[in-house]
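Structure assessment
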There are 4 protein chains.
Amino acid sequence: MTLLIKSAFSATATPPTSLATRLLAVRTQSVALCAPLLPEDTVVQPALDVSPPKWHLAHTTWFWETFLLLPYAADYQVFDPAFAFLFNSYYNSLGSRVNRADRGTLSRPPLAEVYRYRAHVDAHLAALLDRPEALPAAALELIELGLHHEQQHQELLATDIRYILSTNPLAPAYLGFEDEGLEIRDLGFEQLSRKDAPTGFLHSNSPSPDSLISNPLSSNPTWLSVPGGIYPVGHQANGFCFDNELPVHEVLLAPFALQNRLVTNADYLAFVEDGGYQRFELWLGEGWELVQREAWTAPLYWQQTPGGQWLRYGPHGLRPLELAAPACHLSFYEADAYAQWARARLPTEAEWEAAARYFGATPAGGNFLEAGRFDPRPLPAGADPARCHQLFGDVWEWTYSPYHAYPGYRRAAGALGEYNGKFMVNQLVLRGGSCATPESHIRVSYRNFFHADKRWQFTGLRLAK
Amino acid sequence: MTLLIKSAFSATATPPTSLATRLLAVRTQSVALCAPLLPEDTVVQPALDVSPPKWHLAHTTWFWETFLLLPYAADYQVFDPAFAFLFNSYYNSLGSRVNRADRGTLSRPPLAEVYRYRAHVDAHLAALLDRPEALPAAALELIELGLHHEQQHQELLATDIRYILSTNPLAPAYLGFEDEGLEIRDLGFEQLSRKDAPTGFLHSNSPSPDSLISNPLSSNPTWLSVPGGIYPVGHQANGFCFDNELPVHEVLLAPFALQNRLVTNADYLAFVEDGGYQRFELWLGEGWELVQREAWTAPLYWQQTPGGQWLRYGPHGLRPLELAAPACHLSFYEADAYAQWARARLPTEAEWEAAARYFGATPAGGNFLEAGRFDPRPLPAGADPARCHQLFGDVWEWTYSPYHAYPGYRRAAGALGEYNGKFMVNQLVLRGGSCATPESHIRVSYRNFFHADKRWQFTGLRLAK
Amino acid sequence: MTLLIKSAFSATATPPTSLATRLLAVRTQSVALCAPLLPEDTVVQPALDVSPPKWHLAHTTWFWETFLLLPYAADYQVFDPAFAFLFNSYYNSLGSRVNRADRGTLSRPPLAEVYRYRAHVDAHLAALLDRPEALPAAALELIELGLHHEQQHQELLATDIRYILSTNPLAPAYLGFEDEGLEIRDLGFEQLSRKDAPTGFLHSNSPSPDSLISNPLSSNPTWLSVPGGIYPVGHQANGFCFDNELPVHEVLLAPFALQNRLVTNADYLAFVEDGGYQRFELWLGEGWELVQREAWTAPLYWQQTPGGQWLRYGPHGLRPLELAAPACHLSFYEADAYAQWARARLPTEAEWEAAARYFGATPAGGNFLEAGRFDPRPLPAGADPARCHQLFGDVWEWTYSPYHAYPGYRRAAGALGEYNGKFMVNQLVLRGGSCATPESHIRVSYRNFFHADKRWQFTGLRLAK
Amino acid sequence: MTLLIKSAFSATATPPTSLATRLLAVRTQSVALCAPLLPEDTVVQPALDVSPPKWHLAHTTWFWETFLLLPYAADYQVFDPAFAFLFNSYYNSLGSRVNRADRGTLSRPPLAEVYRYRAHVDAHLAALLDRPEALPAAALELIELGLHHEQQHQELLATDIRYILSTNPLAPAYLGFEDEGLEIRDLGFEQLSRKDAPTGFLHSNSPSPDSLISNPLSSNPTWLSVPGGIYPVGHQANGFCFDNELPVHEVLLAPFALQNRLVTNADYLAFVEDGGYQRFELWLGEGWELVQREAWTAPLYWQQTPGGQWLRYGPHGLRPLELAAPACHLSFYEADAYAQWARARLPTEAEWEAAARYFGATPAGGNFLEAGRFDPRPLPAGADPARCHQLFGDVWEWTYSPYHAYPGYRRAAGALGEYNGKFMVNQLVLRGGSCATPESHIRVSYRNFFHADKRWQFTGLRLAK
């Protein structure tokens, strides 16, 4: 299995006794993310990039069934042969599939049947992993890949659910009204009772103005220098990585500096109020066309009241814009225009990775999916200005690097070869993970990628110079 | 209220004591139509012309709330102010509304809340109608209009549900497998248990070939003559009618003849097999462009197996084409091309109405919504060849008449003036009702109308010459 | 030849000695219309409905070559075999052809070669018609049809040339600056010298305000009554007609009244200034959507200066709106909305034809193509209020009648059967001819037809009630 | 003027006495390229990427007028104020302009007037340059930029003219039939007489099969190695460069190898015949979607006869595919898929530049615009296999590098800042110039850029590994 060149299993002496546990925990997480939803919420597709949650739940299950159970579980019977057509995402080598644009028209199988499908597959997975030592290395590597695949869909679930609920004129909340938010790890499978649901925008629960609190910290980023030199780029540790993080190779970097924190809503609001969305000279040409065509005037989910107050749709519904929080849901074009306006630039992915290694940053303690916040959080008052904060979690950081193959990379053959390689043009790399990324999913060499116009993900930026 | 010029209430001495009963029966019918559906089925919108069933259920309720309860029920409080934005269909005079193309992206309010909305409004309607003698004439006329409005949406529910289920690769059935079909009047509000549901297309329950039965009757239509002369057209009886059926006016008709029955699937199949969809000279120019652009080769819901057998998606899922049944789900273009091929033509609406009066045809005994069949039925063997059959029910009959105003018609002012008048261009008239039309909704002067390319309704044809 | 049931030639004893002369006069007229154009003007296609003038010149020539010379001229050699592909318009029976949307991308053959093509074909036509008595009746009927076909394209040349020049920011004039306009019959084949050309819009020759003259007549239309009864409709005289004018049939009309003149720019301006384009209740639904989508605020070719003055692009470039002239370049939707606003309606085509016969109106003296004005003209002061004016020429009058087949009509077989019949749905009939119609082309039974949204033709209206 | 950091004029002691001569030579070249065209050819726009030749001729003139004459020529009067609106290409800072998609609808000003415009501006340029020593440095730099700008449009003229003529079903030739082609430098301003023009495709001058000559060399490319190390990238010599070639910076390259010649038509045909356009696994995902959507089966301008022979539209019309010539008119997707199939890859732009410097390649002797061939030429038999051929001229070589800013680059302010910087996303770099590039325009650091789907330019590839 060429995809998983450095897997956990080739490098450790301890047998992976906990593999079944890890797998079922990940599987449960996907369901927990959908717990606040009604069946109707899991079906719709308000934009082409967004997939219905029901589809995510079924597709991740089909992935296990197709790539693990069918080849490795003796006598496994598929739950429903029709599901291969319904829930294949983009694997040309695995036959025809439902047109992506039509995912939101499929009411059947209903959510309940998809949950039965999950239970069926989970039971067989548990049985198969009961004796992992009997599995060939290729199967173990496949399991590792499947875990990461499902974690990627968990992030998509978080972003797609937000988009689906946001387009509803009732602006329903995903999380409850409690100050700290629901801990997603505490969520059971019981449907939220509707009487507890918050009322939304059209119900005009206008937020109180005093929630617009100021945050002195957000106005004082510092610049941290990184020396020039030759740096290694790519996955150098043990443990899983995707094929796109390899081979490790060296790059020559000139000296550069990064800001010690992410750009905040307060920062970005200054750009908006300085006419940022009306000044073509700040924008890349294709970005400017998009701004005009779509009449963008602010990041996704921001809206201004007739009285001029800025609100933002988030996990608790429409709330006043939190100024100290990192700016989020920005396209690359917006991130780049902001950097132009700020007389700075975006880092390259090599700079980002070199800096993260140089500063010794790790994911530990970051604001990830498991925190159940589903939104970036402000840097605490008193954070050390000499340290580099928020490199992991909160928001994906746009880089000024194309999502291209590393030198020496070759696409794998077969269906899994379509996993990464075929996307390697016309997209840009993002680094560091977000508040919707599972913590165990991210690492310093991890490369996320999106087209420059996308902004429904948890995407923001950090300035470089 | 100018819309309801000849209402039941101005012409009868008996007070409408049963009005509340009639109304609640109609209201219940809408819910019964949705009983076989899962919540997920009620949300999606696989084509622009199709509305989600949940939307129909809410929109008809909004109609009663807006036009009857708010003006006439003292102290009535709207169930939810946001619903006016969500469930207005096309009344410009009543403010902005959800874009029609986005109806299928709204997961909230969920189906259960829409049922609560219906119950809330029904309770107030019942209270208001408890003493109908206290209501002004305008309110009574409004109730009559609202009943017919809801019946129109019942027909749309039947057609939209079919379309929604048909686009699903699982091809789920709407009705059970019993020979006679479920009687919809027997349906309660309990959800159908999923374990009883029929398996669909992808589950490959291929029908047995012996179900392709022949029907000798279908090959022998007869021509019935109608003498020329001056005929009145329009609603001449007491009782409700829409404004588009008035004023009554006279037309001069040359002698003509109609076939005594509808065109059948056997008839239409002969056209298909004679290359009907490949011969441009049979088609109107815009129809031919459509056939090529959409790659039409047969009516909607027909499909041919690799072995050459013709199947058709209907209320019981995919079944062999029933040759003796009337052809259905035809666009005007297809109906017109068939008539060209058959060296005949479509009747005008004046001819249809004159013939129906001349032959003394009435809706009684027709195949309507209440029969719970949801499909046209074959003419029974032994039907009298000297009589004109199937004029009412089974399928709407395309006419070669534009949906234009009758001489002397003027659009009403206000919101209800948008009901009919603003559609009076670029559509064609259909007559006679279908198997999805409530029997009490149809009459000899009733004018239905659709664009020439539409075929998701229960639409067929009868030849004239 | 079933198309030409009542031709001049079957009904008259005198041999058509002047046929060659008539034909060459019509052929010359087409070239004369293009004389003011530069080669570049004859190539472009700024809208799908508009064809390049070079294409019209070649297509009409191809028509003669294909339908007359090839079948009837012994040993005729086609000028260039490639032209059948290039210059077929819409005859499916004659093979594939250049996509209509691509007509404006064909630079070759150049204009000069198209003129050579015309000369080649004209020479053979002259030779063939030298002894018309040797021609079979079918050929003579074909010649008659070809003459009318070329005259139809002359009207299209006039409308398409206007559109092509109007979309140019330089707003070039088609005619010179002389008060009366160039007489097109005086135009030779010499190109207009560029130094004489008028300067256009971007050259800011703003017209003097005093040219906004008032016209007292335009504010006083009178209503003329027509009694009810049974009227014949269709071509009843000798001479040529198109198949769509037959069969003659009878219609029953209720008494009605027509205005004695066309709606003027002054009339229509009152509608515009009364908010006509902002009031949805005046519009048919599809018309209102179009008004919003295209942001229409006035008829085609009108524009308002920042100072509020209304200008109009016409044959002399941009000039102040001539208030007394008939309103022109209106879509059916605009004509209908105006009539709603004026509390009147459009006539049906049967009413128009019955009225024209009743009032004894004839084309003689009308403002047609031969006048070289290329714009409707005001009704002269002192016109008799008891007479019905402007029924022929000036502008085509929209009727509220679909372009459908008359009772008993059947489409002809073969290529010429595609001439009229295949367009008989979704269009509306216009009557009376315009300032771009050759006078010999029009008659009381003539049926023109366009879709309701078209307005680049010379189209206006007359009110009925 | 920050754009032209290292201009010829700051670095040389000799006064630029020949500047006027150079400029007028370049100006004349543009006109010479259009000499074989008819006026009609200069107007049309068969694809959005293609501009009408008349537009190129006027736009380059407007550039001189706007950026040089208006600021620096005392009392200069613009030729026509309307032209600023008509012939601005994409400079937002200079106001509104004709929509790019509408360039092909503008018949006026006619070609003759554009030539007058050129003559007017050329006369003033000559006068201004008569005493270049009186001009400020900024003006001199502007002249240098203007020369290169016009040369870029000369390449576009060559590619757009080919596309325009190719879409015509007559397939007219651009050059005459003489074996060596017309030398463009010999072309005068006299229009080609039409009687000499070659007949095209629809005239079925099928080429003789014996012109399909084999070329033994094309099957034996060799691999030439380049050692790893730190290489400088960017413009390091004196003389003009664009801002996107700066700053010079260092990159670290691993050892790599390039093929000693371009991929030929014979090479590429083997890919085609091996099912290259049917095998999704060879393609980037977006490329595969494009191949299917546009039904690509071969490079642009290739077509296969029913008998299986491959023809290609080129400067002499449709001719048999020249197997030994470099493959041309390939999109990036096709170049990348070919490389995948050949188990190699495309070079990066840094590799290309490093290799060119390492091999000491220069433009001298390359196949450029001045050769008048307008097509890549085969590598001569006997070419040294140890040398790297065809690096300059023939075809632009796709690299696997994004068109991004070099480290330290900043966009210039003002209109000229829109020249390069705003395009720096979603495009790929091409290197080396083509047979349509003026020889004096190219250099080793030159960066051309196009989107991955474009193939109407002279684009090909060289393999790396």
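Residues numbered from 1 in each chain as written. Chains lettered and ligands numbered in written order. Predicted model: local features only at pLDDT ≥ 70, side-chain atom pairs only at ≥ 80, totals over all residues. Heavy atoms only, no water.

**A closer look at the overall build of chain A**
Helix and strand content of chain A: 10 helices and 11 strands. The proportion of buried residues among the 465 residues of chain A is 61%. Intrachain contacts of chain A at a sequence separation of at least 6 include 81% that bridge at least 24 residues. (Helix = DSSP H or I, 4+ residues; strand = E, 2+ residues; numbered from the N terminus. Buried < 20%, exposed > 50% of the residue type's maximum accessible area, 1.4 Å probe, protein only. Contact = heavy atoms within 4.5 Å.)

**Observations regarding the relation of the copies chain C and chain B**
Overlay of chain C on chain B (RMSD 0.0 Å): rotation 180°, translation along the axis 0.0 Å. Considering both components of the superposition, the chain copies are consistent with a two-fold axis. The overlap is high: 100% of the interface residues of chain C also sit at the interface in chain B, so the same surface is used on both sides. (Least-squares fit on C-alpha atoms with pLDDT ≥ 70 in both.)

**Side note on the sheet that holds strand β5 (residues 302-304) of chain A**
All names here are of chain A. Across the sheet, 3 strands lie side by side as β5-β6-β7; this open sheet has antiparallel pairing. Unpaired on one side and paired on the other, β5 and β7 (317-320) mark the two borders of the sheet. When strand polarity is set aside, the average angle formed by the axes of neighbouring strands in this sheet is 35°. Relative to β7, strand β6 (residues 310-314) is paired through 4 bridges, and the arrangement is antiparallel. Residue pairing for β7: Tyr-313 is matched across the bridge by Leu-318. Contacting β5 and β6, helix α7 (residues 265-273) crosses the sheet at an angle of about 50° to β5. (Pairing = 2+ DSSP bridges. Axes fitted to C-alpha atoms, helices over the stretch in contact; angles between N-to-C directions.)

**Observations regarding the interface of chain C and chain B**
Facing 37 residues of chain C, the contacting portion of chain B comprises 37 residues. Approximately 2,800 Å² of surface area, both sides summed, lies buried where chain C meets chain B, with 51% of it carried by carbon and sulfur atoms. The three residues of chain C that bury the most area against chain B are Leu-252, Tyr-400 and Arg-411 of chain C, which together make up 22% of that side's buried surface. Across the contact surface, chain C and chain B share 2 salt bridges. Arg-411 of chain B serves as the salt-bridge partner of Asp-336 of chain C, at 3.4 Å between the closest nitrogen and oxygen. When contributions to the side of chain C that touches chain B are tallied by element, the ones reaching two or more residues are β3 (249-253), α8 (285-294), α9 (332-341) and β8 (396-402) of chain C. Counting residues per element, the side of chain C that touches chain B draws most heavily on α9 of chain C, at 4 residues. For the side of chain C that touches chain B, the class distribution of residues is 18 nonpolar, 10 polar and 9 charged. (Buried area = accessible area lost by both parts, 1.4 Å probe. Salt bridge = Lys/Arg side-chain N within 4 Å of Asp/Glu carboxyl O. Nonpolar A, V, L, I, M, F, W, Y, C, P; charged D, E, K, R; others polar.)

**Observations concerning the relation of the copies chain C and chain D**
These two copies of the chain differ by a rotation about an axis and a displacement along the same axis. Note on the identical chains: chain C maps onto chain D by a rotation of 180° and an axial translation of 0.0 Å, with an RMSD of 0.0 Å. When the interface residues of chain C are mapped onto chain D, 100% of them are again interface residues, pointing to one common binding face.

**Quick notes on the pattern of salt bridges**
Per the counting criterion, the structure on display carries 92 salt bridges over all chains. One salt bridge in this structure joins Asp-453 of chain B and Lys-454 of chain B, with 3.7 Å as the shortest N-O distance. Through salt bridges with shared partners, a single network forms among Glu-349, Glu-353, Arg-357, Arg-431 and Arg-447 of chain A.

**Section: α9 of chain C**
Every α-helical turn comprises 3.6 residues, leaving residues that sit three or four positions apart pointing alike. Residue and element names in this part refer to chain C. A large share of α9 lies buried, amounting to 9 of its 10 residues. Listing the buried residues of α9 in full gives Phe-332, Tyr-333, Glu-334, Ala-335, Asp-336, Ala-337, Tyr-338, Ala-339 and Gln-340. Next to the buried residues of α9 lie α7 (265-273), α8, β8 and β9 (428-431). The first or second residue beyond α9 is Arg-343, which carries a positive phi of 55°.

**Side note on the packing of aromatic side chains**
In total, this model carries 124 aromatic pairs over all chains according to the counting rule given. Their ring planes at 65° and their centres at 6.4 Å tell us that Phe-332 of chain C and Tyr-333 of chain C sit as a pair that is edge-to-face. Among the aromatic residues, ring-to-ring pairing joins Tyr-268, Phe-271, Tyr-277, Trp-283, Trp-302, Trp-310, Tyr-338 and Trp-341 of chain A into one connected group. In this arrangement the basic side chain of Arg-103 of chain D is found over the ring face of Trp-55 of chain D, its NZ or CZ atom lying 3.7 Å from the centre. (Phe/Tyr/Trp six-rings, centres within 6.5 Å; stacked < 30°, edge-to-face > 60°. Lys NZ or Arg CZ within 6 Å of the ring centre and 35° of its normal.)

**Focus: the state of the cysteines**
Tallying each qualifying case throughout the model produces 0 disulfides over all chains. No disulfide involves Cys-34 of chain B; its sulfur sits 17 Å from that of Cys-435 of chain B, the nearest cysteine. (Disulfide = S-S within 2.5 Å.)

**Examining the packing of helix α1 (residues 19-34) of chain B against helix α2 (residues 53-72) of chain B**
Residue and element names in this part refer to chain B. Where α1 contacts α2, the axes come no closer than 10 Å and their chain directions differ by 165°. When the interaxial angle is binned, α1 and α2 end up roughly antiparallel. For α1 against α2, the interelement crossing comes out left-handed. Only Pro-53, Leu-57, Thr-60, Thr-61 and Trp-64 of α2 make contact with α1, whose side of the interface consists of Leu-23, Arg-27, Ser-30, Val-31 and Cys-34. (Parallel < 35°, antiparallel > 145°, perpendicular 65-115°, else oblique. Left-handed = near helix turned anticlockwise from the far one by under 90°.)

**Some details on the nonpolar core**
Counting 121 residues, the largest nonpolar core has Ile-143, Tyr-268, Phe-271, Trp-283 and Phe-332 of chain A as its most contacted members. At 12 residues, the largest contribution of residues to this core is made by helix α6 (residues 137-166) of chain A. If we ignore the near neighbours within four places in the chain, the residues touching Phe-332 of chain A are Leu-284, Leu-346, Trp-398, Thr-399, Tyr-400, Leu-428, Ala-452 and Lys-454 of chain A together with Val-425 of chain D. (Core = buried A, V, L, I, M, F, W, Y, C linked by side-chain atoms within 4.5 Å.)

**Structural notes on the sheet that holds β9 of chain C**
Two modes of strand pairing occur in sheets, parallel and antiparallel, and in both the strands are linked by backbone hydrogen bonds. Residues and elements named next belong to chain C. Strand order in this open sheet of 4 strands is β10-β9-β8-β11, and the pairing throughout is mixed. A strand with exactly one partner marks an edge of an open sheet, and here the two such strands are β10 (448-450) and β11 (459-460). Summarising the sheet, β9 and β10 pair through 3 bridges and their orientation is antiparallel. Along β10, the bridge assignment pairs Leu-430 with Asn-448.

**Some thoughts on unusual backbone geometry**
Residues Arg-108 of chain A and Pro-109 of chain A are joined by a peptide bond in cis, for which omega reads -10°. The residue Pro-109 of chain A is located in the loop between α4 (83-87) and α5 (111-129) in this model. A cis amide bond links Leu-246 of chain D with the next residue in sequence, Pro-247 of chain D, at an omega value of -5°. With respect to the helices, strands and loops of the structure, Pro-247 of chain D is situated in the loop between β2 (229-233) and β3 (249-253). Its identity is not glycine, yet Asn-426 of chain A carries a phi of approximately 65°, on the positive side. Following the sequence through the fold, Asn-426 of chain A ends up in the loop between β8 (396-402) and β9 (428-431). Among the residues examined, Asn-426 of chain A registers a relative accessible area of 16% and is labelled buried.

**What to know about the pairing of strand β1 (residues 223-226) of chain B**
Residue and element names in this part refer to chain B. Here β1 shows a buried face lined by Leu-224 and Val-226 and an unburied face lined by Trp-223 and Ser-225. Pairing between β1 and strand β4 (residues 256-259): 4 bridges, direction antiparallel. Residue pairing for β4: Leu-224 is matched across the bridge by Leu-258.

**Details of the interface of chain C and chain D**
The interface is formed by 35 residues belonging to chain C together with 35 residues belonging to chain D. The contact between chain C and chain D buries some 2,800 Å² in all, and 60% of this surface belongs to carbon and sulfur atoms. Our enumeration of links across chain C and chain D arrives at 2 salt bridges. Among the ionic pairs, Arg-108 of chain C bridges to Asp-41 of chain D, the shortest N-O distance being 2.7 Å. At the surface where chain C touches chain D, the tally comes to 8 residue pairs in polar contact (both at pLDDT 80 or more). For the side of chain C that touches chain D, the secondary structure elements donating two or more residues are α4 (83-87), α5 (111-128) and α6 (137-166) of chain C. For the side of chain C that touches chain D, the element with the highest residue contribution is α5 of chain C, accounting for 4 residues. Residue composition of the side of chain C that touches chain D, grouped by class: 21 nonpolar, 7 polar and 7 charged. (Polar contact = N/O pair within 3.5 Å; in protein donor to acceptor, adjacent residues only side chain to side chain.)

**Overview of the confidence of the model for chain A**
All names here are of chain A. Here chain A averages 87 in pLDDT, while 86% of its residues score no lower than 70. For residues 1-16, every residue scores under 50 in pLDDT, and the model assigns this stretch 33 contacts once sequence neighbours within four places are set aside. Low pLDDT, under 50, characterises residues 177-217; the predicted model gives this stretch 73 contacts beyond four residues in sequence or across chains. Confidence estimates for the predicted assembly give a pTM of 0.89 and an ipTM of 0.88. (pLDDT = per-residue confidence, 0-100.)

**Quick notes on the side chain of His-389 of chain C**
Residue and element names in this part refer to chain C. Within the secondary structure layout, His-389 lies in the loop between α10 (349-358) and β8. On the basis of relative accessibility, which here comes to 11%, the residue His-389 falls in the buried class. Looking at His-389, its side chain comes within polar contact range of the main-chain oxygen of Asp-384, at 2.6 Å. Residues within four places of His-389 in sequence aside, it is in contact with Asn-260, Arg-261, Leu-379, Ala-383, Asp-384 and Arg-462.

**Some thoughts on α1 of chain B**
All names here are of chain B. For α1, which comprises 16 residues, the first-to-last C-alpha distance of 24 Å matches the rise-based estimate of 22 Å (1.5 Å per residue) to within 8%. The complete set of buried residues in α1 reads Leu-19, Leu-23, Val-26, Arg-27, Gln-29, Ser-30, Val-31, Ala-32, Leu-33 and Cys-34. Contacts from the buried residues of α1 go to α2, α4 (111-128) and α5 (137-166). (Expected span 1.5 Å × (residues − 1).)

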